[in-house]
Structures are given as C-alpha cells and as structure tokens.
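# Close look at the chain arrangement
Chain by chain, the residues run as shown.
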Amino acid sequence: MDSDVLDELSPSCVSLIDVGISAEVPPTLRQTLQLVVDHEFNVVLSLPGNGDETRDVIGVDPSRGRRPTQRSVDERSVGRGRRKGDESHARQRSRTLVREGPGRYGHAMVATTLVDVDGRRLRLTNLDKVLYPETGTTKGDVIHYYASIAPALLPHIAERPVTRKRWPDGVGTAAAPVEAFFEKDLGMGVPGWVLREAILHSGGKKRYPVVVDRATVVWLAQSAALELHVPQWRFDTERRPTRMVLDFDPGEGTGLAECAQVALWAKAILDDMGLATFPVTSGSKGIHVYVPLDGRLTSDQVSNVAHELARALEADHPEEVVSKMSKEKRVGKVFIDWSQNNAKKTTISPYSLRGTARPFAAAPRSWDEIAAPGLAQLDFAHVLDRFEETGDLLADLDPSPAVRPPEPLRAKIDLARAKAAERLPDAAALPGGSRYEPKLDGWRAAAVVDTEGVTLWSRQKTNLTESFPDVAAAIAEQADAGVVLDGELVRWREGRLDFDALQRRFASGKQRRRQLIAEEPIDFVVFDVLAAGGRDLRGLPYDERRRTLEQLAAGWQPPLSMIDATADAAEGRRWFEEPLESGIEGVVVKGGAQPYRGGQRDW
C-alpha cells in the first residue's frame, strides 16, 4: 500500500481507500472479496456477511506472520466489560476500511490470497485455474458461487457426512471428460476448525467433514470439491432420515421431459398420501423429488416405502417406468432409483455444482416449472440469480432443528482447572506454545445457552442463575442456543475488581438483589468456549477454540466480554509481575494445542 494513502488515513475515523487490484484475483471473485485493513494497516481479504454490514477483522501482516494485539492492557482493559460510549474502548477497536468503488465491493490491492470467511482464515490458491474449459469457468468463479449460495446450501447438508467429488485439474470437455477423485475421509492438511465425524466402514473408520458454516463451504470449493454428496440422514437424528428421495433417471432414448412426466405421476400419489414434495433438477440428466420426514423411521423403512412407490408407478405405467436397476431394462424408460434412501448411499446435494462439461447445478424448481414444456438443467449463474430473487425453494424441506448444547454440557459441568506455579512457563513450555491470560479475582462460572434460556453453573456445580439473572439475560440476548461458555463473573469498581460484590449479590434476597443489580452490575468475562452450534468443541486445541470464541464475541456488548490473551511471553510476564491492587491475581498459561479437559489441572 502506498505511503501517501496511509498518510491520509485518520486514526479517529474509518476512511475509504482507493487502490489497485491484483491480477491474481479473477473478476468474479473480486465482487465477493472486500479489503479489510486494521489499525496497524495489516491487509486481509474478507468475504462479506449475509447482510450489508461490515465486520471488524484483525488482519495478517505477511512480513511478520502474526496476529496483532486486539486491545492494549496498559489501561487495565483486561476482559473488562465496557459500557457504550467508553472512549478508551473506541480508541482500541480495530478499524475496518472498505472501498466500495467499481463493482459491488470495489477494487483492492491484494498482496496475498489469505481470506477471512466469517472469522475463519484460509488461503485460496490458483484462483484463475479453469475448471470448466467449455465455458472458461475458473476456480475463483466456483468459490464465488459457493460462498454466495452457502445460506441456501447449508440447511440441506448440515449435520450430514459429506462425500466429495474433486476435480483439481478441471472437468475436461464433453468429448474428453476428466475422472474425479471420490473422497470420504478428510485426510491431512484440513483446517482445525472443520468439524468432522467418524463412520466405521469395513476398511476402518473414515472421518467425514460435517459442514455447518460458510467457511467450510468455501474450504470445500478451494479444494475443487465441485460435487457434494450426502445421505438422507443426519448425525443429530441418530442417523434416521429426515427426508426421502426419488431419483428419476432417463434411460437411453428418453430425457428430462420424460423424467418430468414420471415425477408428476409420483407427485400425484404422494399428494394423496398427504406428503409434501420438492422437485430438483439434478444438474446432470434427471430429476430428484424430496419428501420431508420427521426422523422417526429408519433408513430401511424409508427405502421400503420408496421401493413400493416405484413399483406402483411401474405397474401403472409399464411402458414408461422401470424400478429395476439393470441397465438393459431402462432403454426407452425412466428408472426410478429408490435405493438412494439406503443409509450407506448418498445423493447430490441441492445447490451442489456438477462435474459436467458445463457448470450445471442441482437446482430447486417449482412444480409449475416441472410441468411446463422446455424444462432444462440450470447452470450455476442461473441458480444463484434465482436464489437472490426468490430465496430457497426448499426452505420447508430441511428446516433448521432446535440447536441445543451437547448432552454432557447441559448441566453441572466439570470445568478445567489450573495448577499453581512459582515461575511463569516460557513460550515453548506447553503443547503448541504457551498462551497467556490474566487471572481475574471473581467467581468461575459456565454459561449454558439452551433453547429455554441460560443457566449459570459455578465450578462447584451450584446453579448461580437466580443470583445473577441480569448476566443470564444478557448472555441469552447475545449468544445463540447451543453455546457453552467458560468464564469469570466479576465486578469492576473504579478500575479494580470487587470480589465482595459477588458475595453480596449471592447472599441477598430478591428485593435486595434487584437493588444490587442496579447499583453493582456484574460482568461475565469469557475465556473459553466449550460448545458452539450444538457441537462439542472440548476436543479441539485451544487455538481453534480461541478463534471460535473471537468469532462469537465480535459483536458482544457489556456485561459480556472476552478475556485478552497473548502468545508473547514478555507480555505475559508483565501481567504476572504487575501489582495485584486491581484484582488481577496472576496469569493462567494454556497450551495452544491442548484440548479442554474438565476436572483436570492442565493449565
């Protein structure tokens, strides 16, 4: 970035920058990425959120390769709940600088393809590589599509094991197609924040990605996983299917029009059964019809229903329909593949791209479209335009289930603990490197955010919710269900921690407590996240949990805040050696690679 541009930036306001754009970012992706510069002028690309708001993002300076400190500790701001209008807080916040010039997000000078996707960091490579030679569609175009369609895609793949078909060198042409890599197991080199679940196969366990956020969708696109295949069951329904699928596949001599007619016959039967139906043109040859289920039936039971339906259609229309799998019997007929309801089988996900010569996608359709003449498969540009205009036509197929914390974390949680040490561990003493946090003089508490509200549990497993209802209410307002936080209840008074205020609150009756809530507000300073989105994060390393916590805390307001942390041993030593008058008792040191082990003294 030119120094004269930097000289024009005022430290007291967010300025607009107009700089050039690197040729290594394709035009389509330029519309998706936005430049973000923090208060130390570190540059990072950011995928904008679902709304129009701009997110605060801490950048990465390639020359230093480390994250800048978010807040100064000099002003005793360590984990302190700040009230609106706090000028010191305003000064310390990082700046987000965006130029909205030509194109939706303007021009940005891109020195690196490190991107921030909703708080997750990943590096994009080979953005100008052509993956669909017949249309010139590049990897950057594919990433743009998946990043943009993610809000529609995610409900249909969430909590399902994703099998990927990858074309790292492109799909080839219709005359010379390229074979894909079919991948189930995650293998090596996967970002630690990608959720995963193991499934036992005859050859052993395979770890599948579980896609619950847009960052993981973008990571899949970066790996050239063009096709995403999922079963009809979900992990959170005890592997019982939440939908039934019928795959209408044209045999030799038939096409999409014949598939549409058979699908309409199937719809008539399903309508008579009182079942909702959702058609999808597959992006390849045929049509998929989905039926939402309540998760009570097993995969075998659903397969039997689908098989009987296919047989009934074959009996009613023997010249047009076949339910048997042998290819020689499919000539001139539409094959109804009912077997994809088997628990071991997968179907291309709605909105997934296809590895066809042109970049078609599995496109949700209306029944009016299925019945109309001239039905055709849609490419990814049309699918994205339709979503932006009409939303997700499958919104009622896979409604998001109520998210709850994992069962072991819903009550009386075993919290991790620290052991005393006379000397401060050096930077390499703990697994993954030492991470230093100030230790506050307060009450340790876990906050469990469930569908019915927030419960606060002490380290001794005492329910503190009734004593701190203001804190519980603030957490309920700012944290989603399925989140479990580990932190400290504290009372800041004139720059110092007042431990006695916690005792007064706990010992007070209802009337006195209402008075204390107004006179002595309590803050909750969070230093770890044990669950998010209903997923247990305790097995992840500290650094990954910390990144998740930073993402969750991005919009928090007092009394909710996040503790400061550093990998700088000198900074940690300064905290350790400072006087204790403020109520900071010392330093807690954690390993960057350490999981969270409740009840253990690992810190």
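Residues numbered from 1 in each chain as written. Predicted model: local features only at pLDDT ≥ 70, side-chain atom pairs only at ≥ 80, totals over all residues. Heavy atoms only, no water.

Moving on to the overall build of the protein. In terms of regular secondary structure, the protein is built from 14 helices and 30 strands. Each of the 603 residues in the protein was classed as buried or not, and the buried ones make up 52%. Of the roughly 27300 Å² of accessible surface on the protein, 48% is carried by carbon and sulfur atoms. (Helix = DSSP H or I, 4+ residues; strand = E, 2+ residues; numbered from the N terminus. Buried < 20%, exposed > 50% of the residue type's maximum accessible area, 1.4 Å probe, protein only. Areas by Shrake-Rupley, 256 points an atom, 1.4 Å probe, with all protein chains shown as cover.)

In regions of low pLDDT, the predicted coordinates are not meant to be interpreted in detail. Here the protein averages 81 in pLDDT, while 80% of its residues score no lower than 70. Per-residue pLDDT stays below 50 along residues 34-46; that stretch engages in 68 contacts with residues further than four places along the chain or on separate chains. When the criterion is pLDDT under 50, residues 48-112 qualifies, and its contacts beyond four places in sequence or with other chains add up to 169 contacts. (pLDDT = per-residue confidence, 0-100. Contact = heavy atoms within 4.5 Å.)

Here we take up the sheet that holds strand E14 (residues 287-292). Spatial strand order, E15-E16-E12-E14-E13-E19: six strands in an open sheet with mixed pairing. Whereas interior strands pair on both sides, the edge strands pair on one side only; in this sheet they are strand E15 (321-322) and strand E19 (363-364). Pairing of E15 with strand E16 (residues 334-337), which is carried by two bridges, proceeds in the parallel orientation. The residue bridging Val 321 from the neighbouring strand is Val 334, located in E16. Taken strand by strand, helix H6 (residues 256-272) contacts strand E12 (243-250), E14, E15 and E16, and its axis lies near 150 degrees from that of E12. (Pairing = 2+ DSSP bridges. Axes fitted to C-alpha atoms, helices over the stretch in contact; angles between N-to-C directions.)

Here Leu 127 is to be found in the loop between strand E4 (120-123) and strand E5 (130-132). The spacing of Leu 127 and Val 142 is 15 residues in sequence and 9.1 Å in space, taken between C-alpha atoms.

Among the nonpolar cores identified, the biggest contains 45 residues, and Tyr 145, Tyr 146, Ile 149 and Leu 353 are the most heavily contacted of them. Among the secondary structure elements, those contributing two or more residues to this core are strand E3 (114-117), E5, helix H4 (139-157), helix H5 (214-222), strand E11 (225-230) and helix H9 (380-390). Excluding its chain neighbours within four sequence positions, the residues that come into contact with Leu 353 are Tyr 132, Val 142, Tyr 145, Tyr 146, Leu 226, Glu 227, Ile 348, Pro 359, Phe 360, Ala 361 and Phe 380. Tyr 208, Val 210, Trp 233 and Ile 475 belong to the second-largest nonpolar core, a separate cluster that totals 34 residues. (Core = buried A, V, L, I, M, F, W, Y, C linked by side-chain atoms within 4.5 Å.)

The amide bond that connects Pro 558 to the next residue, Pro 559, takes the cis arrangement and shows omega of 15 degrees. Following the sequence through the fold, Pro 559 ends up in the loop between helix H13 (542-552) and strand E29 (560-562). In this structure, Tyr 351 takes a positive phi of about 80 degrees despite not being glycine. Along the chain, the position of Tyr 351 falls in the loop between strand E17 (347-348) and strand E18 (360-361). Judged by relative accessible area, which is 3%, Tyr 351 ranks as buried. With a phi close to 45 degrees, Lys 412 is a non-glycine residue in the positive phi region.

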